[in-house]
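One letter stands for each residue in the lines below.
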Amino acid sequence: MDISPSPGTFSNDKRMSWKRILLFSFQSLGVIYGQISTAPLYVFGTICEQDIKSEEAVYELFSFIFWTMTIISLLKYSYIVLMADDDGEGGTFALYSLLCRHAKVGLLPIDRSSIEAMNYEAGSPFEVKVESRARRAIAKHKSSQYLVLFLALFGSCMTIGVGVLTPALSVFSASSGVQRSLSDMTHKIFSSQSTQQSVSRALERCKYPSICTSSLCMCYIVGIYNIFYWNKRIILAISPVYMYRFVQNIGVKSWRSLGSIILCLAGLEAMFADLGHFSKKSIKIAFVCLIYPVLIACYAGQASYMSKNLHAINFNHLSESVPAGAIRHSFVALSLLASVVGSQATITASFSVINQCLSLNCFPRVKVIHTSDKIRGQVYIPDVNWLLMILSLTVTIVFRNIVKIGNAAGLAVISGMLVTTCLMSLVIALYWEKSLLLSACFLIFFGFIEITYLSACMLNFHRGAWYLVFLLALSLTVMLAWHYGTKKKYEFDLENKVTTEWLTELSLGLGVCRVPGIGFIYTDIVTGIPSFFSHFIANLPAFHQVLIFVSFKSLPVPYVPPSRRYLIGRVGPKDYKIYRCIVRHGYRDHIKDTDDFEEEIIRSIGEFIAIEDNDLESLNSQEGRMIVIGKPLSDGNALVPLNDTNSYKGSANFENNYSQTSTSGSSLESSCAPVNRKKVRFMLPPNSPKMQVSVRKELQELIDARESGTAYVLGQSHLALRQGSNFLKRFLIKTYIFCDKNCRETPVALNIPHAALVEVGMVYTI
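So, how was this worked out
Residues numbered from 1 in each chain as written. Predicted model: local features only at pLDDT ≥ 70, side-chain atom pairs only at ≥ 80, totals over all residues. Heavy atoms only, no water. UniProt positions renumbered as here; feature names shortened; annotations may be inferred. Core = buried A, V, L, I, M, F, W, Y, C linked by side-chain atoms within 4.5 Å. Buried < 20%, exposed > 50% of the residue type's maximum accessible area, 1.4 Å probe, protein only. Helix = DSSP H or I, 4+ residues; strand = E, 2+ residues; numbered from the N terminus. Contact = heavy atoms within 4.5 Å. Salt bridge = Lys/Arg side-chain N within 4 Å of Asp/Glu carboxyl O. Patch = residues over 30% accessible without salt bridge, like charges linked within 9 Å, V, L, I, M, F, W, Y side chains within 5 Å. Areas by Shrake-Rupley, 256 points an atom, 1.4 Å probe, with all protein chains shown as cover. Pairing = 2+ DSSP bridges. Disulfide = S-S within 2.5 Å.

In the nomenclature of an unreviewed UniProt entry, the protein chain corresponds to Potassium transporter from the organism Carya illinoinensis. The record held by UniProt for the protein chain lists under Sequence similarities (unreviewed entry) the comment "Belongs to the HAK/KUP transporter (TC 2.A.72.3) family."

Draft legend 1. Local environment of the nonpolar core. Residues Y33 and Y299 are the most contacted members of the largest nonpolar core, which totals 147 residues. For this core, the element with the highest residue contribution is helix α17 (residues 402-430), accounting for 16 residues. Those residues in contact with Y299 that lie beyond four places of it in its chain are A39, P40, V43, F44, F62, I65, M69 and C264. V546, I568, A638 and A756 belong to the second-largest nonpolar core, a separate cluster that totals 38 residues.

Draft legend 2. Spotlight on the pattern of salt bridges. Taken as a whole and judged by the stated rule, the model has 11 salt bridges. Residue R233 is joined to E55 by a salt bridge in which the shortest nitrogen-to-oxygen separation is 3.9 Å. Separated by 178 residues along the polypeptide, R233 in the loop between α9 (207-229) and α10 (241-248) and E55 in helix α2 (residues 55-79) bring together distant segments of the chain. Residue E55 is classed as partly exposed on the basis of its relative accessible area, which comes to 23%. Across the pair K76 and E450 runs a salt bridge whose closest N-O atoms are separated by 2.6 Å. In this pair, K76 is assigned in helix α2 and E450 in helix α18 (residues 436-458), connecting sequence segments 374 residues apart. A single burial state applies to K76 and to E450, both of which are buried. Residues joined in a network through salt bridges with shared partners are E55, R233 and K308.

Draft legend 3. Up close: unusual backbone geometry. The backbone of R400 sits at a positive phi, close to 50°, despite the residue not being glycine. Examined against the element boundaries, R400 turns out to sit in the loop between α16 (382-399) and α17. Although it is not a glycine, E433 sits at a positive phi angle of roughly 60°. Within the element layout of this structure, E433 appears in the loop between α17 and α18.

Draft legend 4. Quick peek at a nonpolar patch on the surface. Together, M458, F461, W466, V469, F470 and L474 make up an exposed nonpolar region whose accessible area comes to about 530 Å². The leading source of residues in the nonpolar patch is helix α19 (residues 466-496), at 4 residues. Looking at the element boundaries, F461 is found in the loop between α18 and α19. Overall, the relative accessible area of 37% leaves F461 in the partly exposed class.

Draft legend 5. Just the pairing of strand β5 (residues 566-570), in detail. Among the 5 residues in β5, 5 count as buried, and that is most of the element. Along β5, one buried face is formed by Y566, I568 and R570 and the opposite face, lined by L567 and G569, is buried too. Across 5 bridges, the pairing between β5 and strand β6 (residues 578-585) is antiparallel. By the bridge assignment, G569 is partnered in β6 with R580.

Draft legend 6. Region of the structure containing the state of the cysteines. Following the criterion strictly, the structure yields 0 disulfides and no others. C743 forms no disulfide, and the closest cysteine sulfur to it belongs to C739, at a distance of 7.2 Å. By relative accessible area, C743 is classed as buried at 15%.

Below, the structure is given as structure tokens:
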């Protein structure tokens, strides 16, 4: 049956040479396959020794490893899941993004905020496909939409859980061959910001891929050696007959051991989640040609050694199967380095997932540092890094048992895979537009296998798996509470907003004063006047000469190109000089923390003024036309930054225009003083005969307002519960209030200087 995606699906392989694809395949060894390549260190080590009583039991367990890796990793991920990319991006949120755009399952306020923000461009990914019975059913039943959102958040929580458990598990298993402190090793993995950034750069280049390649080569050599030295009959164990015998003699103890077998797939989700850093072909080549055969040989050699050493001490650890002497010492040292690589890969994946949750307003505000200017999506989050370290140290110190940590990690791995299976079945039916029967076959086939392993992991609930449930409850509660509180605040803003006419009529009735300067009003709504600003005007009837209502809208796409990012329109008549700017960004974009963000908005409004009357690419809204800004103007920029005026030196027009942009008592020298310095100052372009007089006048007024100063107005919300609210609502709102008070403040997240900040308090009764 054909389950390939419809024609037109994005592919970043066609434009790459084979040399670049092979280079990406090599680099992916450190970034993507760091964890799965270290799985042999702890897969057999997490099985209780008393559960392996005979040589036949070893054959049965190896048969499960072989077929699990073949069906799940090779068939499901390499040949099916990798095709479900979202414009080159992968992961749980990529699947959710595809469903939001093509099946109308979006529940977040950002998904349905306004037609202006959602209308990306004709023929874009936002163009919903023809309605089908499945799409109508999902759109009709809101419970199904809640379920899809819950699955996306649940999968994200599992990624975070793996990021907590993997460092403890990897170091515990790797360091069993040497005597050293586990806490010290774990602390080194969760290093400082500077070290984390150097680690990210090393992951991009060749240092960590070289470590993984060396480790894989050593595992392959040791595996082949053990097969021929100890027991060549292990090759026959790939027969499914051994799995059938295992099921025939099933018991509670033997069934529990499957919870450790699933750890052979630990880190496999990174193959799909980190798709945006490489290409599908490079990831597939690395796995099919290197990772898969090497790991199979390694597991076979380890099982071969175990089958002949059933009563040896620590027989189930990989290092024990390595010949004694210098080779074993070298292998232990290399495995320690490889465990650090694998742990860093899972920690980085946690950062990436949390960054996506931030873009969709499903996680409290935290500081995000982009560690690479060349590769988008590589981030470091200091607060989350400390939290992961504390949780990982806790599980290491409390359990001090590789079996218990492995049980929790196994539950995290299989739960994340089950979420991917559920979302993929929806993508097959709703995005690829295949038959519901094919989608159901995919769900039943892979879902049955994963549920089988899930049941085995649940049998180990009292043996350490409960810790993952604790992590899930903690992270999922924070995510759901933040989403719920954000949604309720947004609904309150929509219900209490006032019309544009209210602002214009109030100006005439109360004699509102206009003060020099530009006022940035940050709001979540994209039409009307936010309630906190109307509250501000009613008590203090004055606002700035130029007002700009700024709204950030995250779209269900990975990235929004700069040419499509800003949507500009007017609020009220031209004489009022009130503008609205909708900043659209994807779930992997980085815009709020940039230093030149304010200048970009000023420049975009200048372009809007210049092309307002003759622009054909505009959108209709309740307040008028909204124009997409970002493409270069045919006759040059509407506003010229002073640091780009070298080509105009010596021009009489430049001298005249500069004198107009300077306010009284200011000069170039004074503007460079540390206190009064502005980042960028603008001027009108000289020699522009095509520009109308009215346009030039309005641009000059914008420049003068910019020179007079800038103020930022934000609503400071205080949530209050209604009388009679149920327990669940009270719990979610109180959790949101706690997170809001202890997370990063909005002005800091937007890089707003406190000296120019005006916060207006509002009580939101939820």
